[in-house]
Amino acid sequence: MSNTTFAPMQTITSGNCKVTYIPDGGAYIASGAMYPTSDPEGWAKYAELTDDQARVIVSLGGFLIETGDRKILMDLGYGPYNVEFPGLGPFVGGNYLESLAATGVKPEEITDVFYTHLHLDHVGWTSVEKNGERVLTFPNARYMCSETEWNFWPGDESGLGPDPETVVKPLTGVIQFVKDGEEIVPGLTAYAAPGHTPGFMTLKLETGADTIWFCADIFHCTVQFSERKWHALFDIDSEIGEASRVAKLPEFIKDGVIMADGHFSNGAFGKLTEEDGKYVWTMI
């Protein structure tokens, strides 16, 4: 039986920056459904990444980035939901605000919220109900995503995008748009990486000691370091998504680079190296 689990809450300090993985929950997704281009024989090489039911363990959460006087949340988890998706498996959230509270940071202290994209498992805590109304969970924050991403979802019928009432409506008139290569706060820059969604973006944090790349859904599982043709079911354009992954890999293996990915199992932080033409992932 695999010992794979959801990534726990973890904090790393680099330079004068502090980054914390904020767990919300996780999902157990049938491996063949998660990666339709994979096969059972291929998965046999990666038994440690699945459970005894051949399901991929996918963490759900976000990151708190504390740098200077800014407290930034990157992605807002799945939300207070527990849903069994036919053919996929259970998705369970609910722990995000409790995890954030454990850091000592209060919702009103959050200065910025950055969405890498607007899939439902990244926007779940955008709003809460208060006195019978939906209000933004982080009342003093600036909310950001790419304009391409915001404009893509209206009318989409996939069921994967932001809920109109709990996400889109509260953000309308509030959301600010970020461009490719834009520094959103000192040392923290957003970069376009389309494919998973049209307006998907990553973040790069220069701490003065290390470079931290926040990969988000460029990868859902470390298996994709080796199996580049295993495209995730949720990729809107799998070929463009693969190109984005391949383009970023040379950045991720550089000396002094830490990768942060909120979907990986067991741990959200690690380092990627290339050895004899193969990529090796080491958690930190």
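Nothing here was measured: the structure is a model prediction, and the numbers come from that model. (Residues numbered from 1 in each chain as written. Predicted model: local features only at pLDDT ≥ 70, side-chain atom pairs only at ≥ 80, totals over all residues. Heavy atoms only, no water.)

**Section: the confidence of the model for the chain**
Confidence in the prediction for the chain averages 96 pLDDT; 99% of positions are at 70 or higher. Mean pLDDT across the elements of the chain ranges from a minimum in helix α2 (residues 40-43), with 92, to a maximum in strand β7 (residues 112-114), with 99. (pLDDT = per-residue confidence, 0-100. Helix = DSSP H or I, 4+ residues; strand = E, 2+ residues; numbered from the N terminus.)

**Notes on the pattern of salt bridges**
The full count for this structure, using the stated rule, is 10 salt bridges. The closest approach of N and O atoms between Arg142 and Asp112, which form a salt bridge, is 2.8 Å. Within this pair, whereas Arg142 is found in strand β10 (residues 142-145), its partner Asp112 is found in strand β7, the two being separated by 30 residues in sequence. A residue is classified by how much of its surface remains accessible, and Arg142, at 24% relative accessible area, is partly exposed. Residue classification places Asp112 among the buried residues on the basis of a relative accessible area of 0%. When the shortest N-O distance is used, the salt bridge between Asp235 and Arg245 registers 3.8 Å. (Salt bridge = Lys/Arg side-chain N within 4 Å of Asp/Glu carboxyl O. Buried < 20%, exposed > 50% of the residue type's maximum accessible area, 1.4 Å probe, protein only.)

**Some points on the pairing of strand β15 (residues 211-214)**
Of the two faces of β15, the one lined by Thr211 and Trp213 and the one lined by Ile212 and Phe214 are each fully buried. Sheet analysis places strand β14 (residues 201-206) next to β15, joined by 4 bridges and oriented antiparallel. Among the inter-strand pairings, Leu205 is bridged to a residue of β15, identified as Ile212. Joining the antiparallel neighbours β14 and β15 is a turn of 4 residues, in which Gly208 adopts a positive phi near 95°. Sheet topology places β15 next to strand β16 (residues 257-260); 4 bridges connect them, and they run parallel. Residue pairing across strands places Phe214 opposite Ala260, the latter belonging to β16. Crossover handedness for the path β15 to helix α6 (residues 238-252) to β16: right-handed. (Pairing = 2+ DSSP bridges. Right-handed = clockwise from strand over helix to strand, strands pointing away.)

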